[in-house]
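Structural description and commentary
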Amino acid sequence: PLTPAMPPAPSQPEPPAREPEGAERTPPRQQGLGARVGRGVSWMMLATVLAKGGSFAANIVLGWLLLKEDFGVFSVALGVASIAGVFREGGIRQVLIQKDGARYDRLSGAAFALGTRINLLAGASLALLAPLLAIAYDKPITWLLVVMAIGVAISTPASIYRAKLAIDLEYRKLAELTAVSAAARYGFTIAFAFMGLGAMALALPWIIVSIVEALYGWRATGDRPWSRPSHRRLWAPLFGQTRWLLTGGFALTLLRQGNYVVLGFLASSAVVGVYFFAYQLVIQLNVLLAMSLQQVLLPALTKLKDAPARHREAVLRATRVMTYGGTVLALTLAVTIDPLEQLIWRGKWHDAVPAVQAMALFFPVRM
């Protein structure tokens, strides 16, 4: 409640002069935001470097343990499952971040209830279509799709907790979550590959990662979104605000994974496996740069919505950093992939070298 206005004491200093009309003011909650974002980028970059270091090490091991056909079969299943994955929470996580912490307690119950239903529907649809898709592709992807469908169906808690940590600018904990998730993914993938599970070794971590992220998020935040009212009346507005996120997410999924969906019909599993292996080596650069910044910048830029000049400068600065970093990393990969392949895999993946070089040369434009 507002306190009644009191007359100023005679000794009270005069109020400061008013700012010129039209001057852009910085809200108090933006104080120190740049420093927190800088620390957040550092934490997320550290976590992502560790995660991608683990990914590279895992790729080295998996390149020896798995066959080209294993990668090819999994890539087709991944392309199909990723389309279903577009509907994970219906974009609810991004909407929660955009609404900021002031409305989290009120919206999180509705977001959890709606996201859970959307994920269950997406997972069930993918599992039911799995046998038909296996027949259409003439590839053994039924159980791969079923396993990945389960991972989609149970992913809501992890997404809500990621949103909560981002809203609170808890970048250190978000970085820890990223590192723990990566350790679980690659550790179990290698273990399953050693067990001789083939392509299934790449699919089973979908379930494990959803569980690990949910448990860590609950431990880090102590939040229980499922205990809050579901507010059914908010479902339609929440889902309505995600339509552009769904459209953009679907387009990005086609860009990143749609190639496997098409190649599965046109090429053998071995050829698709070689392409998948090459693509994964290059796409790690995108994850290393763009994804870590995205987790930091989305909540930070939301807090700059009342300061358009700072908002614009932050976007341009981030774009410059990503493009420059992407150019250095991509050209380095293009030059070194041939001797690296000979050193690590002794010619097993020699067919992937030209594909890696071609993708790496055009990668800065994509950034």
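Data block above holds the structure.
Anyway, here's the lowdown on the structure attached to this text. (Residues numbered from 1 in each chain as written. Predicted model: local features only at pLDDT ≥ 70, side-chain atom pairs only at ≥ 80, totals over all residues. Heavy atoms only, no water.)

1. Things to note about helix H6 (residues 156–167)
In an α-helix there are 3.6 residues to a turn, and that puts residues three or four apart on one side. Put simply, the rule is: To qualify as a helix, a DSSP run of H or I must reach at least 4 residues; to qualify as a strand, a run of E must reach at least 2; elements of each kind are numbered from the N terminus. One less than the number of residues in a helix, times 1.5 Å, gives the span that helix is expected to have. Each residue's exposure class comes from its accessible area (1.4 Å probe, protein chains only) as a fraction of the maximum for that residue type: buried when under 20%, exposed when over 50%, partly exposed otherwise.
With 12 residues, H6 extends 17 Å from end C-alpha to end C-alpha; this agrees with the ideal 16 Å at 1.5 Å per step. Within H6, 11 of the 12 residues are buried, leaving the element largely enclosed by the surrounding structure. A positive backbone phi angle near 55 degrees is found at Leu 169, which sits one or two residues after H6.

2. Observations concerning a nonpolar patch on the surface
Inclusion rule: Only residues above 30% relative accessible area that lack a salt bridge enter a patch, with like-charged residues linked at up to 9 Å and the nonpolar side chains Val, Leu, Ile, Met, Phe, Trp and Tyr linked at up to 5 Å. Per-residue accessibility takes into account occlusion by the displayed protein chains alone, with areas from the Shrake-Rupley method and a 1.4 Å probe. The salt bridge criterion pairs a side-chain nitrogen of Lys or Arg with a carboxyl oxygen of Asp or Glu, the two atoms within 4 Å.
Residues Ile 150, Ile 154, Ile 211 and Leu 215 make up a contiguous nonpolar surface patch of about 330 Å² in total accessible area. Its place among the elements puts Ile 150 in helix H5 (residues 142–153).

3. Remarks on the packing of helix H2 (residues 68–85) against H5
Convention followed: What counts as an axis is a line fitted to C-alpha atoms, over the stretch in contact for a helix, and the angles between N-to-C directions run from 0 to 180 degrees. An angle counts as roughly parallel when it lies under 35 degrees, as roughly antiparallel when it exceeds 145, as roughly perpendicular when it falls between 65 and 115, and as oblique in every other case. Two helices that cross are described as forming a left-handed crossing if the nearer one is turned anticlockwise from the farther one by less than a right angle, and a right-handed crossing if clockwise. Only heavy atoms enter the contact rule, under which two residues are in contact if any of them lie within 4.5 Å. Each residue is assigned to one class: nonpolar for Ala, Val, Leu, Ile, Met, Phe, Trp, Tyr, Cys and Pro, charged for Asp, Glu, Lys and Arg, and polar for all the others, Gly among them.
Contact pair H2 / H5: the axes reach a minimum separation of 10 Å and the direction vectors enclose 45 degrees. When the interaxial angle is binned, H2 and H5 end up oblique. As for the relative orientation of H2 and H5, their crossing is right-handed in sense. Contacts between H2 and H5 pair Val 73, Phe 74, Ala 77, Leu 78, Val 80 and Ala 81 from the former with Leu 144, Leu 145 and Met 148 from the latter. For the contact of H2 with H5, the class distribution of residues is 9 nonpolar, no polar and no charged.

4. Observations concerning the nonpolar core
Test applied: Joining through side-chain atoms within 4.5 Å is the link that ties buried Ala, Val, Leu, Ile, Met, Phe, Trp, Tyr and Cys residues into a set, and such a set is a nonpolar core.
Within the largest apolar cluster, 62 residues are counted, with the highest numbers of intra-cluster contacts made by Phe 71, Phe 74, Ile 141, Leu 144, Leu 145 and Met 148. Residues in contact with Ile 141, not counting those within four places in the same chain, are Val 73, Val 76, Ala 77, Leu 133 and Ala 134. In this structure, Leu 96, Ile 97, Leu 165 and Ala 166 belong to the second largest nonpolar core, which totals 24 residues.

5. Re the side chain of Ser 269
Position of Ser 269 relative to the elements: it lies in helix H12 (residues 269–302). Look past the residues within four positions of Ser 269 in its chain and what remains in contact with it is Lys 68, Glu 69, Gly 72, Val 73 and Lys 139.

6. Concerning the packing of aromatic side chains
To be explicit about the condition: Aromatic pairing here means that ring centres of Phe, Tyr or Trp (its six-membered ring) are within 6.5 Å. Orientation follows from the plane angle: under 30 degrees is stacked, over 60 is edge-to-face, and everything else is tilted. When the NZ atom of lysine or the CZ atom of arginine is within 6 Å of a ring's centre and also within 35 degrees of its normal, the charge is said to sit over that ring.
Under the counting rule described, the total for this entry stands at 13 aromatic pairs. Members of the aromatic cluster, connected to one another through ring pairs, are Phe 71, Phe 74, Tyr 260, Tyr 275, Phe 276, Phe 277, Tyr 279, Trp 345 and Trp 349. In this arrangement the basic side chain of Lys 68 is found over the ring face of Trp 349, its NZ or CZ atom lying 6.0 Å from the centre.

7. Points about unusual backbone geometry
In the Ramachandran plot, His 231 falls in the positive-phi region, its phi being about 45 degrees despite a non-glycine side chain. Relative to the elements of secondary structure, His 231 occurs in the loop between helix H9 (205–221) and helix H10 (235–240). Although it is not a glycine, Arg 346 adopts a positive phi angle of roughly 55 degrees. Checked against the element boundaries, Arg 346 lands in the loop between helix H13 (308–344) and helix H14 (353–366). For Arg 346, a relative accessible area of 63% puts it in the exposed group.

8. Considering the packing of H2 against helix H11 (residues 243–266)
The contact between H2 and H11 brings their axes to 8 Å, and the two run at 145 degrees. Between H2 and H11 the crossing geometry is left-handed. The segment H2 lies against H11, with Ser 75, Val 76, Leu 78, Gly 79, Val 80, Ser 82 and Ile 83 engaging Phe 250, Thr 253, Gln 257, Tyr 260, Val 261 and Gly 264. The residue makeup of the contact of H2 with H11, split by class, is 7 nonpolar, 6 polar and no charged.

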